[in-house]
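Structural description and commentary
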Amino acid sequence: MDIRKEFLNFFKRNDHLVLPSSGLVPDNDPSVLLTTAGMQPFKPYYLGIKNPPFPRITTVQKCFRTSDIDKIGGTDRHLTFFEMLGNFAFADYFKKEAISYALDFILNVLKIPENKLYFTVFSGYNELPMDEEARAYWISSGVNPERIYKFGKGDNFWGPAGTTGPCGPSTEIYYDFGEEHGCGKNTCNPNCSCGRFMEIWNLVFTQYNFDGKSYKDLPNKNIDTGMGLERIYAAVDDSASVYRTSLFEGIFAKLKDITGKELSDEKNNTGNHEINKALKIIADHSRAIYFLITDGVAPSNEGRGYILRRIIRRAIRFGRVLGINDFFLNEIGNAIITDYKNAYPEIEERKNFSFQIVSEEEKRFSNTLKEGTKVLVSNISELKAKNEKYLDSKDAFRLYDTYGFPVELTGEILAENGLLLDMDKFDSYIKKHAEVSRERTTFNKKVAENIDEYKTFAKEINCEFAGYEKTDLNTKIIKILKEEKSGKSQVEEICENEHGEVILKNTPFYGEKGGEIGDKGIIISENNEAVFIVEDTQIPVEGVYIHKGFVKKGKFELNENVTAKVDMNFRKAIGKNHTGTHLLHWALRSLYGKEISQAGSFVSDERIRFDYKFFGDPEKEMTVKLENLINKKIQDNDVVKVFETTKEYAEEIGAIALFEEKYGKFVRVVEIGNYSRELCGGIHVKRTGELGIFKIIQDSGIGSNLRRIEAVTGLTALSYLNEKDGLVKEISARMGVNENEILKDIVNLKSDLEDSNIKLEQISIKIAKADVLKKHKDLFKENEIKVIAFDFSKSDYSENLNPKSMGVLSDEIKDYFKQKNVFIILANSINGKPILIFNSSRDLIDKGINCSVIAKETGKLMKGGGGGKPDFAQSGGTDMALVQEAFNFVSKKVKETIN
């Protein structure tokens, strides 16, 4: 039976609008990272912010709950990813109809026997009365009153979501698996945790509004119900475990193929518990992994990306428990896609992308899991030896930072060994570490030495920034700091040719912030006799704008009235580049998906630097596609609109916010045309046409799944193009060919050069062979073991012999001696460091010679390493002076081994 389909069809017949599942990433709900309930997409309807498209709605909603991650595997019912079946009514039907629909569907569609069902209702709490209505409707629908239990506010009352708001009583339907699954106590009831009963459907009656003091009746009452698909399958299959239902058959079949293990009875064999736990964790986490990635979540070290990374790494770790030492998640991914592609076609459409991300994560963590586990095992041994219980936060952070261990995984392994991690101390440690790192990497050294003084200023003054509206204004000097040999000091005046910092009462100068550099310009005295050149504007502390520069003429005094003027050419160049970053961000997401996200940026008057998260390898045409798309928008001359609004409205219209930024109630939105919206406090142009042209200079990888684009706009872009054009013309002139023929000629030239190098290498091998034989051919008798050692580092042809050609040479020498009783060691200097080649005839290998072993030992002697095969190997070192010692060692080693 396809319960999803049956559920939606049932409510469609009962006049409900069927809507598709929303994504796991909430569209307009910043209160949560992921969709956790079926009603979540409808919060605006319940709160009265929006009107629903129809008063009755039904859905099957994808959900993910982080609260249960640590419980997964230890129970038969907890899941991270699950599907929630729900029917919703907005000021339409209420308790009677909701109860009638629920009972009708369970008894007549799913055919669950009534004697397997129990029911709960709200018993009342203080001023809130018992829900007699719900109980009466159950009884009037034929339910035996003895099967209806009453529970309090903690069990049968929902909401409000915050401190105030809509809320109401709930009634729940439970399935009874029978006494054999219970505790055997007389007091056992639907709320008992023994495992006999399982909640399958929760009906919430939103009828009150809590104002912080009392509960008032809502004028419009709503219905919100939720039934877990996995749980209702367990009830239909009469399986006390959601993992033993048909929903998981494909996943566990694939796990059995990979591991040879399957879910088994724990009652008769307690050893099966760890295997069952690992199987259930992998099954649950695998479903969640592929649905999260499909819905746009990418692994990272923050927010929902951290949740994804955590469950991927937890699944890998428990794969090792089952004996899986190879990459395996995408094999399970295939089973998941097969099971879910009909209900959710997007999971198959995004298969290649999902598999790529999972493969990269699996490779990355598998590389560090082994070493990290060794470190943690060592920590655990030390703690037990000292009879201590808590792992030091520093050690937990090292596992997190160096080996990629999510701290929850560390805590879980510690718990398995009867040890603990103080999470409060760990959080405090990581917070301090982040603050120190941020100060090291982002704090402006130009203002660091006066930071305490600036903090004092911040308590005394609050400089207002007026630069969005004005680029020159009349203001007053309220602080002066003069640069002296001993440092900066507060002064009453600053004179001609003196350098320092000026703080104004209000300013049109934009201070460096959000990756955008600060403004330049001038400050002029009231009588126009003094000029201060502003070379940079900084904000060392919020509310304190310092104007760094020097007095070009005259002098300035404290509390003097002045005029501040921004360098408009400089600012316009910055504005072009900042708008360019927004266009670039939009273009990347348009071409390569919403999972592309900004990881950092730098905007100056000269260029753009834009860091972004990108999974996989970029296509060759990526730069051209981006430039074409952006320059098309520049040609369209779209309006760049800047406005302030509430954070909630900005989220509703899809404005992109940087995750790590903190925003207040009101935010500034930069909107380009009808396609790009970002929260931004920077300087921008008024129309895209002002950029003139957008040119990408470089796109490169700078880290794992992290890339950087550098670009230029306007006149800088034109200068860049002219410079490249001039270079092409110069090459054309020097080569004596048409510009259009340059590439062809260069390819031919390169080919000729490669042919020459090959010929040169072949000649060098012949000369080298002759030199080796000249030295060695008469030294040995025919059946004597021949150890041939030769150092080419001082020869005239040394630079023409690389490791590959030395290998060819060693084979030719071996052939000369008829492949018998010969061991060859050749040395050369490559980039100033010794490289040794070892080659042995087969008959010596049969007598115990192993080139790989000898290469490794010789590598250590030469302060390097080595390895290879029994008949051929290579080693390297750091000191050419040790080559002769290496020759002596090898000669002795070969002879000792043979003898």
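See the structure shown above.
Given the structure is predicted, the values throughout are model-derived calculations rather than measurements.

Looking at the overall build of the protein chain
- When its secondary structure is counted, the protein chain shows 26 helices and 34 strands.
- Over its C-alpha atoms the protein chain spans a radius of gyration of 37 Å, topping by over 25% the 29 Å that the globule rule assigns to 899 residues.
- Among the 899 residues that make up the protein chain, the fraction classed as buried is 48%.
- For the protein chain, the share of sequence-separated contacts (at least 6 apart) that also reach a separation of at least 24 residues comes to 68%.

Digging into the sheet that holds strand 27 (residues 676-679)
- What the 3 strands build is an open sheet, ordered 25-26-27; its pairing is antiparallel. Since the sheet does not close on itself, it has two edges, and those belong to strand 25 (640-646) and strand 27, each with one partner. For this sheet the average axis-to-axis angle between neighbouring strands, irrespective of direction, equals 25 degrees.
- Bridging between strand 25 and strand 26 (residues 666-672) involves 7 bridges; their strand directions are antiparallel. For Glu-644, the partnering residue across the bridge sits in strand 26 and is Arg-668.

Digging into the sheet that holds strand 30 (residues 786-791)
- The 5 strands are arranged 30-31-32-34-33 in an open sheet whose pairing can be described as mixed. Of all strands in the sheet, those bounded by a partner on one side alone are strand 30 and strand 33 (865-868). Across the sheet, the mean angle from the axis of one strand to that of its neighbour is 15 degrees, orientation sign disregarded.
- As defined by bridge partners, strand 33 adjoins strand 34 (residues 872-876) across 4 bridges and the pair is classed as antiparallel. Bridge pairing in strand 34 places Gly-868 opposite Ala-873.
- Packing against the sheet, helix 25 (residues 851-861) makes contact with strand 31 (822-830), strand 32 (833-840), strand 33 and strand 34, and its axis sits at approximately 5 degrees to strand 34.

Section: the environment of Ala-98
- Structurally, Ala-98 is set in helix 3 (residues 95-109).
- Relative accessible area serves as the criterion here: at 2%, Ala-98 is assigned to the buried category.
- A sequence separation of 106 residues divides Ala-98 from Val-204, and the C-alpha atoms of the two residues are 9.4 Å apart.
- Residues contacting Ala-98, with those up to four places away along its chain left out, are Tyr-93, Leu-203, Phe-205 and Ile-223.

A short note on helix 14 (residues 407-416)
- Residues Val-407, Leu-409, Thr-410, Glu-412, Ile-413 and Leu-414 constitute the buried set of helix 14.
- Immediately downstream of helix 14, the backbone of Gly-418 shows phi near 75 degrees, a positive value.

Quick word on the packing of aromatic side chains
- Applying the stated criterion across every chain yields a total of 44 aromatic pairs.
- Measuring from centroid to centroid gives 4.4 Å for Phe-81 and Phe-291, while their planes differ by 10 degrees, and the two rings are stacked. Taken together, the residues Phe-81 in strand 3 (residues 81-90) and Phe-291 in helix 8 (residues 272-294) connect sequence positions 210 residues apart.
- Taking the relative accessible area as the measure of exposure, Phe-291 reaches 1% and is therefore buried.
- One Lys or Arg, Arg-147, reaches over the ring of Tyr-118 and ends 4.4 Å from the middle of that ring.
- Here the guanidinium or amino end of Arg-668 rests over the ring plane of Tyr-468, the centre of that ring lying 3.6 Å away.

Considerations on the packing of helix 8 against helix 10 (residues 329-340)
- At a minimum axis distance of 10 Å, the contact between helix 8 and helix 10 shows a crossing angle of 70 degrees. What the angle tells us is that helix 8 and helix 10 run roughly perpendicular. From helix 8, Ile-282, Ser-286, Arg-287, Ile-289, Tyr-290 and Phe-291 reach across to helix 10, where they touch Leu-329, Asn-330, Ile-332, Gly-333, Ile-336 and Tyr-340.
- Class assignment of the residues belonging to the contact of helix 8 with helix 10 gives a composition of 8 nonpolar, 3 polar and 1 charged.

Considering the pattern of salt bridges
- The full count for this structure, using the stated rule, is 40 salt bridges.
- Within the structure, one salt-bridge network assembled from shared partners comprises Arg-309, Arg-313, Glu-361 and Arg-364.

Thoughts on the nonpolar core
- Core analysis: the biggest nonpolar cluster contains 118 residues, and Ile-173, Ile-200 and Trp-201 have the highest contact counts within it.
- With 11 residues, helix 8 is the largest single contributor of residues to this core.
- If we ignore the near neighbours within four places in the chain, the residues touching Ile-200 are Ile-106, Leu-117, Ile-173, Tyr-174, Tyr-175, Gly-226, Met-227, Gly-228, Arg-231, Ile-232 and Ala-235.
- Grouped together as the second largest cluster of nonpolar side chains are 26 residues, Ala-587, Tyr-612, Phe-694 and Ile-696 included.

About the cut-offs
Residues numbered from 1 in each chain as written. Predicted model: local features only at pLDDT ≥ 70, side-chain atom pairs only at ≥ 80, totals over all residues. Heavy atoms only, no water. Helix = DSSP H or I, 4+ residues; strand = E, 2+ residues; numbered from the N terminus. Rg over C-alpha atoms; globule rule 2.2 N^0.38 Å. Buried < 20%, exposed > 50% of the residue type's maximum accessible area, 1.4 Å probe, protein only. Contact = heavy atoms within 4.5 Å. Pairing = 2+ DSSP bridges. Axes fitted to C-alpha atoms, helices over the stretch in contact; angles between N-to-C directions. Phe/Tyr/Trp six-rings, centres within 6.5 Å; stacked < 30°, edge-to-face > 60°. Lys NZ or Arg CZ within 6 Å of the ring centre and 35° of its normal. Parallel < 35°, antiparallel > 145°, perpendicular 65-115°, else oblique. Nonpolar A, V, L, I, M, F, W, Y, C, P; charged D, E, K, R; others polar. Salt bridge = Lys/Arg side-chain N within 4 Å of Asp/Glu carboxyl O. Core = buried A, V, L, I, M, F, W, Y, C linked by side-chain atoms within 4.5 Å.

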